[in-house]
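The primary structure of each chain is shown beneath.
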Amino acid sequence: MTHPMHPPEVLLDAQQVERRYRAGETIVHALRGVSVQIARGDFTAIVGASGSGKSTLLHLLGAVDAPDAGRVLFEGRDISRLNDADATALRLRRVGLVFQRFYLMPTLTALENVMLPMAEAGMPKAARRARAMQLLDYVGLAARQEHRPSQLSGGEQQRVAVARALANDPALLLADEPTGELDAATGAALIGLLQRLNADGLTCVLVTHDAALAQSARRVVRMADGRIIADDILAPTGSTA
Amino acid sequence: MRGTLAWAALRRHPLRTLLAIFGLAIAAALLIDMVMLATGMRASFRSLLTSRGYQLRITPKGTLPFDTEATVGGAAALVASVRAHPDVERVSPSLGTTLQVARGEFTGSAFTLGTEDSVQGEYTVLSGRGPSADTMLQEAVANAALLSRLTARIGDTISLSTERSAQLRQAGRRARVVLVGEARFLYVPPGLPALATSLPALQAFLGDAGRDRISLAMARVPVDGRNADAQLARIEGVRAWIERTHSRVTAISTETAIVQVEERLAYFRQLAFILGALSLVIGVLLVTTLVSLSVNERLGELAVMRAIGVSQGGVLQQVMLEGLMLGVAGLTLGLGLGLITARWLNTILRDFPGLPADLDFFVWSGEAAWKALGLLLVASTVAGAIPAWRASRVRVAQALREEAVA
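Residues numbered from 1 in each chain as written. Chains lettered and ligands numbered in written order. Predicted model: local features only at pLDDT ≥ 70, side-chain atom pairs only at ≥ 80, totals over all residues.

Draft legend 1. Representation of the overall build of chain A in the model. Counting secondary structure elements, chain A contains 7 helices and 10 strands. A burial count over chain A gives 51% of its 241 residues as buried. Contacts spanning at least 24 positions in sequence make up 68% of the contacts within chain A whose residues lie at least 6 apart. (Helix = DSSP H or I, 4+ residues; strand = E, 2+ residues; numbered from the N terminus. Buried ≥ 20, exposed ≤ 12 C-beta atoms within 10 Å, placed from the backbone. Contact = placed C-beta atoms within 7 Å.)

Draft legend 2. Local environment of the overall build of chain B. Counting secondary structure elements, chain B contains 12 helices and 10 strands. The 406 residues of chain B split such that 42% are buried. Restricting the contact set of chain B to residue pairs at least 6 apart, pairs at least 24 apart contribute 81%.

Draft legend 3. Quick look at the environment of B:Ala142. Following the sequence through the fold, B:Ala142 ends up in strand β5 (residues 139-142). Along the backbone, B:Ala142 and B:Ala196 are 54 residues apart, and their C-alpha atoms lie at a distance of 6.5 Å.

Draft legend 4. Quick peek at the nonpolar core. In terms of nonpolar packing, the biggest core is built from 133 residues, with A:Val114, B:Ala28 and B:Leu31 touching the most fellow members. Tallying contributions element by element places helix α2 (residues 14-50) of chain B first for this core, with 19 residues. Excluding residues that lie within four positions of it along the chain, A:Val114 makes contacts with A:Ala132, A:Leu135, A:Leu136, A:Val160, A:Ala163, A:Arg164 and A:Ala167. Judged by nonpolar contacts, the second largest core, of 52 residues, contains B:Ala145, B:Leu147, B:Ala183 and B:Ile242. (Core = buried A, V, L, I, M, F, W, Y, C linked by C-beta atoms within 7 Å.)

Draft legend 5. How the structure looks around the confidence of the model for chain B. Residues and elements named next belong to chain B. On average, residues of chain B score 84 in pLDDT, and 96% of them are at 70 or above. Between the elements of chain B, mean pLDDT differs from a low of 75, seen in helix α12 (residues 396-405), to a high of 93, seen in strand β8 (residues 194-198). ipTM for the predicted complex: 0.88, alongside a pTM of 0.68. (pLDDT = per-residue confidence, 0-100.)

Draft legend 6. Structural detail: the sheet that holds strand β3 (residues 43-48) of chain A. Residues and elements named next belong to chain A. Strand order in the open sheet formed by 6 strands is β6-β7-β8-β3-β9-β10, with mixed pairing between adjacent strands. The outermost strands of the open sheet, each flanked by one partner alone, are β6 (95-98) and β10 (227-233). Neighbouring strand axes in the sheet, compared pairwise and without regard to direction, differ in orientation by 15° on average. Bridge count between strand β9 (residues 219-224) and β10: 6 bridges; the pairing is antiparallel. Along β10, the bridge assignment pairs arginine 219 with isoleucine 233. (Pairing = 2+ DSSP bridges. Axes fitted to C-alpha atoms, helices over the stretch in contact; angles between N-to-C directions.)

Draft legend 7. A look at the pairing of strand β2 (residues 26-39) of chain A. Residue and element names in this part refer to chain A. Strand direction decides the pairing type here: strand β1 (residues 10-23) and β2, joined by 11 bridges, are antiparallel. Bridging across to β2, arginine 19 finds its partner in leucine 31. Where β1 folds back onto β2 in an antiparallel hairpin, the turn is made up of 2 residues, including glycine 24, whose phi is positive at roughly 70°.

Draft legend 8. Seen up close, the sheet that holds β2(A). All names here are of chain A. Spatially, 4 strands are ordered β2-β1-β4-β5 in an open sheet, and the strand pairing comes out antiparallel. At either end of the open sheet lies a strand with only one pairing partner, and these are β2 and β5 (77-78). Where strand β4 (residues 69-74) lies against β5, 2 bridges are found, and the strand directions are antiparallel. The partner of leucine 73 across the bridge, within β5, is aspartate 78. Of the strands in this sheet, β1, β2 and β4 are in contact with helix α1 (residues 54-61), which crosses β1 at around 125°.

Draft legend 9. Up close: the pairing of β6(A). All names here are of chain A. Both faces of β6 are covered, namely the face carrying Val95 and Leu97 and the face carrying Gly96 and Val98. The pairing of β6 with strand β7 (residues 172-176) spans 4 bridges and is parallel. When the bridges of β7 are listed, valine 95 appears paired with leucine 172.

Draft legend 10. The interface of chain A and chain B, seen in detail. Contacts between the two partners involve 22 residues from chain A, matched on the other side by 20 residues from chain B. When contributions to the side of chain A that touches chain B are tallied by element, the ones reaching two or more residues are α2 (84-94) and α3 (110-120) of chain A. Per element, the largest residue contribution to the side of chain A that touches chain B is 6 residues, and it comes from α3(A). For the side of chain A that touches chain B, the class distribution of residues is 12 nonpolar, 4 polar and 6 charged. (Nonpolar A, V, L, I, M, F, W, Y, C, P; charged D, E, K, R; others polar.)

Draft legend 11. Molecular detail of the packing of α2(B) against helix α8 (residues 266-297) of chain B. All names here are of chain B. With their axes 8 Å apart at the nearest point, α2 and α8 run at an angle of 160° to one another. Judged on the interaxial angle alone, α8 and α2 are roughly antiparallel. Between α2 and α8 the crossing geometry is left-handed. (Parallel < 35°, antiparallel > 145°, perpendicular 65-115°, else oblique. Left-handed = near helix turned anticlockwise from the far one by under 90°.)

Draft legend 12. Representation of helix α3 (residues 75-83) of chain B within the structure. Residues and elements named next belong to chain B. Those residues of α3 not exposed but buried are Ala75, Leu78 and Val82. Down the axis of α3, the buried set is contained in an arc of 65°. They therefore lie on one face. The outward face of α3, more than 90 degrees from its buried face, is lined by the exposed residues Ala77 and Ala80. Check the buried side of α3 and you find it contacts β1 (56-60), β2 (90-103), β9 (216-220), α6 (228-245) and β10 (249-253). (Arc of directions from axis to C-beta.)

Draft legend 13. Examining the environment of B:Leu377 more closely. Within the fold, B:Leu377 resides in helix α11 (residues 366-392). Each residue touching B:Leu377, except ones within four places of it in the same chain, is listed here: B:Gly327, B:Val328 and B:Leu331.

Draft legend 14. Main features of α3(A). In terms of burial, α3(A) is largely enclosed, as 11 of its 11 residues are buried. The set of residues buried in α3(A) consists of A:Ala110, A:Leu111, A:Glu112, A:Asn113, A:Val114, A:Met115, A:Leu116, A:Pro117, A:Met118, A:Ala119 and A:Glu120. The inward-facing, buried residues of α3(A) abut α2, α4 (125-138) and α5 (154-165) of chain A together with α1 (2-11) and α10 (312-350) of chain B. Positive backbone phi, at 85°, marks A:Gly122, one or two positions downstream of α3(A).

Draft legend 15. A look at the packing of α2(B) against helix α7 (residues 254-264) of chain B. Residues and elements named next belong to chain B. Two numbers describe how α2 lies on α7: the axes approach to 10 Å, and their chain directions differ by 145°. Here α2 and α7 pass one another in a crossing that is right-handed. Residue-level inspection shows Arg42, Phe45, Arg46, Leu49 and Thr50 of α2 in contact with α7, the latter providing Thr254, Ala257, Ile258, Val261 and Glu262. When grouped by side-chain class, the residues that make up the contact of α2 with α7 number 5 nonpolar, 2 polar and 3 charged.

Draft legend 16. Here's a closer look at unusual backbone geometry. Phi is positive for A:Glu75, close to 50°, though the residue is something other than glycine. With respect to the helices and strands, A:Glu75 occurs in the loop between β4 and β5. You can call A:Glu75 partly exposed: it has 15 C-beta atoms within 10 Å. Its identity as a non-glycine residue notwithstanding, B:Thr151 has a phi of 45°, on the positive side. Residue position: B:Thr151 is located in the loop between α4 (144-150) and β6 (157-161).

Structure, rendered in structure tokens:
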């Protein structure tokens, strides 16, 4: 709970970031000088039409990509000019990523998928196994840990992906259209899971078309044509959304 | 975990992986066979020449042992002279010729050797005994081919004769000998009928053509505790002395003979080298192709791995591990396949006419084979490194963007 006299600590600070990329013969201006701050413990939804630049912004916030101009501060550290090894290490230890299409390793079991980032971080096998089981239990899949992705429903796969994103206890969870491949009921369950994670103190930033998911956030950032066109606080950080 | 992922990637398309492993196994088998062929004939020939401990072969000037019908006269003096050399332990003279053989209605020709049974290095008595050292042609040992041709057994009597020589105005000579043993001749092709009798008896039987003549003398220089170079120098000293002292003969050491054989077999070695190199290239191409295919199919998946924090080195290791696993599986299978095909090819080549019974073409040489397999394993791992490097350099954001659009 943030003390009312102290403003919430800024976890992410994107300052005038720009990103262009080539799509065939044309240069796409995905972001045109976007600035946004994300407080620790915040639950922010970035919404906008396809091509508005929301996924690109998400990638910049998670050090998946680097801006052509401007900078991104993560916990006060400029992450926009990190070399590959440092950016990878940041993503491994401080950022959890969830994708629309889950992207679990199809040849690994649910448990092994969750263990993968921990193995990369050098956690001993027994410890990562125990933590992976704990995380699968947290997302309600303790009984499905030995199943491969093809043996799980879409909702179950996305919950495994969330457990994987939490593997190394990140400070930030980034989710790109996490309910995009799920039906309404399964999507609602996932929204509940994300709210629970946020209530437990995890900062969540998600990109969505899903109105229900956007309404579950405390803050909604609207984007169009590579710019932020609206930034609405639905409920202050630290309060119940 | 990387091992699990690499193994899982290979299992994803089992038929394709299996075919690649078989292809690699065939390349490995070919490489092993070529290594065995390249090193085997030399090793086998050396083993053949040194099997009875003689390191020097003395032949009529300018000839190789039994390469021609040439003989050298003054044999007794020559052999006595060489035997008297302080560095010579033993000398085995022999005379070779072709005689007509007959038993009952069976007739034919046989390669006939006259040797001193106590020192001979030409044959091994398998049953019975060696011929006595008579000066009259009375006893002989025969090989299985001759016994079979004449349907003879130990104890049987056979007829020997020389052909009539119109040039020398000599009538054919005849003798009857008792077969006292069955022998295996080291330097005679297994299918060629052969017999051996005592040297003085054969010399006497051949008359002027054999009197005090030999085709070959083998000399043994004792092997003592000195090192290999010193031993070779000692043999070379005796060889040079023989040629200096006896101008009518050529003395060849085992080492020289091996060099000469190697020169004659250069074609085989070149062929083996080319085929071996080809098999290496095939192995590299197979692994590169399969791993490249696999990486291309999984670019999105690899980008996700990179996005969730797997390092470039991690992806590189994992994909290279796939190449290594293919290599290990292919090489293990290839080793067995190579040994089986080598044995089969050796059997075929040994049946070529005119080759000594104990000459092998494919000989297992552990060090050479392991080096070749190690080379192929390194090559297959390096082959996996090319697509692995590409995989590790995947542009994460771009790949994710493309995956989202796909």
